[in-house]
Amino acid sequence: ALVHVSTAYCNCDKSEVHESFYAPPCDPNKLMEMVDFLDEDVILAITKRMVGKRPNTYTYTKALAEHLLMHESGQLPVAIVRPTIVTAAEKEPLPGWIDNINGPTGLIVGCGKGLIRSVYCQRQMIADIIPVDYPINLMLSVAWYTATHRPNNTIIYNSTSGSLNPLKWGVLEYTLKDEMLKYPMKGVVWPPGGSFKSSMLRHKIDVALFHYGPAYVVDTFAKIFGGKPRFVRIHDRATKAMACLQHFTVNQWTFHSVNTVSLLDKMSAEDKKIFYFDTRNIIWDNYLRTYYQGTKKYLLKEEVDCKESKHHLNRLYAMQYTGQVAAALLIWRLLATKSTVAHNAWESSVSAVMRYIGQLIFKAR
């Protein structure tokens with residue numbers, strides 16, 4: 001059996017996707033011929049127009065690959081598996097195992113380190129993520145069924161969670177933020193915070209104020225004192241990575257999984273347990289916590305529960321609150337020079353604080 005791994009988003013120009021073939025965006029053979037004789041700069045110039053409503057060349061070329069497979073496979077026993085956004089393992093090979101920073105994992109690391117303060121996202125929309133062990137088990141099961149039953153046609157299997165066991169981006173946000181505060185990452189540059197923004201304007205303002213603003217300040221001081229500026233470059237990379245994910249955080253699709261669910265009925269109870277791929281069984285709250293802890297453990301090579309990281313986070317919070325209080329007092333003091341009411345309030349507050357400190361010193365004696 002030949003099992004081709006595609007993506008559920010190869011037809012993301014449609015809001016509803018069934019387990020069936022769709023007409024390709026162009027003839028792949030003609031496209032390959034065109035690429036052979038066109039200059040690279042010309043190809044780059046026409047890429048956006050050719051990709052159309054798809055967010056990137058990855059989903060575009062996956063659609064072309066399916067078309068080629070359908071027409072070139074001949075009598076081969078072929079099947080296609082289409083996963084959605086693949087994330088850390090739920091159980092196998094290890095709970096939370098992950099080896100790359102793609103997709104939501106990059107978001108977790110950026111937010112956990114305090115670098116990303118704003119994400120353009122619609123909280124009420126479905127985050128169609130799937131733990132990596134689920135599509136792998138589905139591939140193995142599909143290979144078995146295709147090889148032993150020899151279906152007459154190429155069967156497509158959507159490996160998704162959104163239609164069977166939906167998880168909303170808002171739930172993902174709050175659960176992961178709670179875990180970030182409970183088990184902070186090492187070397188956090190700012191307390192994990194920020195939020196998902198449903199308004200693009202507000203998101204851009206927050207990126208300017210809380211991403212690039214501090215980054216330029218820190219890099220400027222680094223240059224003054226002979227250090228190496230790096231935070232603007234880091235935010236440039238983070239912004240590009242978030243732009244790749246953004247299409248999937250503000251849009252939603254309905255993926256049908258009839259073939260995937262029906263395959264379960266053809267398996268024994270023991271095989272269903274060993275080669276599990278039924279996303280209806282995922283408990284999202286538990287999985288998201290496993291996902292975060294696995295990112296810390298296997299990707300960042302950090303202890304999950306680290307006292308040093310907790311102390312560092314507490315120091316950052318103390319610095320943050322001190323800075324906020326100092327800024328508030330400075331603004332108040334400036335207002336006091338312009339307003340009699342503000343000046344009187346300032347004098348009364350300072351006197352009250354001094355009396356309180358005096359009482360504490362007297363009691364200590």
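Above this text you will find the structure in question.
To keep things clear, this report deals only with the structure shown in the data block. Here the structure is a predicted model, which means the values were calculated and not measured. (Residues numbered from 1 in each chain as written. Predicted model: local features only at pLDDT ≥ 70, side-chain atom pairs only at ≥ 80, totals over all residues. Heavy atoms only, no water.)

Mapped onto the elements of the fold, Met-139 is located in helix H5 (residues 133-149). Spatially, the C-alpha atom of Met-139 lies 9.4 Å from that of Ser-159, the residues being 20 residues apart in sequence. When sequence neighbours within four positions are dropped, the list of residues in contact with Met-139 reads Val-3, Val-5 and Val-81. (Helix = DSSP H or I, 4+ residues; strand = E, 2+ residues; numbered from the N terminus. Contact = heavy atoms within 4.5 Å.)

The next subject is the packing of aromatic side chains. The description of two aromatic rings rests on the distance between their centres and on the angle between their planes. By the definition in use, this model includes 10 aromatic pairs. Between the aromatic rings of Tyr-9 and Trp-253, the centroid separation amounts to 5.2 Å while the plane-to-plane angle is 75 degrees, which identifies the pairing as edge-to-face. Remark: Trp-253 occurs in the loop between helix H8 (231-249) and strand E9 (254-255) and Tyr-9 occurs in the loop between strand E1 (2-5) and strand E2 (16-17); sequence separation between them is 244 residues. Of the aromatic side chains, those joined through ring pairs into one cluster are Tyr-9, Phe-248, Trp-253 and Phe-255. We note Lys-91 situated over the ring of Tyr-276; from NZ or CZ to the ring centre the distance is 4.6 Å. (Phe/Tyr/Trp six-rings, centres within 6.5 Å; stacked < 30°, edge-to-face > 60°. Lys NZ or Arg CZ within 6 Å of the ring centre and 35° of its normal.)

Attention now goes to the pattern of salt bridges. By the definition in use, this model includes 12 salt bridges. Residue Arg-82 is joined to Glu-66 by a salt bridge in which the shortest nitrogen-to-oxygen separation is 2.8 Å. With Arg-82 in strand E3 (residues 78-83) and Glu-66 in helix H3 (residues 57-72), this residue pair connects regions lying 16 residues apart in the sequence. Each member of the pair, Arg-82 as well as Glu-66, is classed as buried. Arg-289 is the salt-bridge partner of Asp-285, the closest N and O atoms lying 3.4 Å from each other. Remark: Arg-289 and Asp-285 occur in helix H11 (residues 284-299); sequence separation between them is 4 residues, near one turn of the helix. (Salt bridge = Lys/Arg side-chain N within 4 Å of Asp/Glu carboxyl O. Buried < 20%, exposed > 50% of the residue type's maximum accessible area, 1.4 Å probe, protein only.)

With that out of the way, let us pick up H3. For H3, spanning 16 residues, the distance from its first C-alpha to its last is 22 Å, which sits close to the expected 22 Å at 1.5 Å a residue. Burial in H3 covers these residues: Thr-59, Tyr-60, Lys-62, Ala-63, Leu-64, Glu-66, His-67 and Leu-69. The inward-facing, buried residues of H3 abut E1, helix H1 (28-37), helix H2 (40-51) and E3. Its side-chain oxygen at 3.3 Å from the backbone nitrogen of Tyr-58, Asn-56 defines the N-terminal cap of H3. Where H3 ends, the next residue or the one after it, Gly-74, has phi of about 60 degrees, a positive value. (Expected span 1.5 Å × (residues − 1). Polar contact = N/O pair within 3.5 Å; in protein donor to acceptor, adjacent residues only side chain to side chain.)

In short, shape yes, function no, at least from these values alone.
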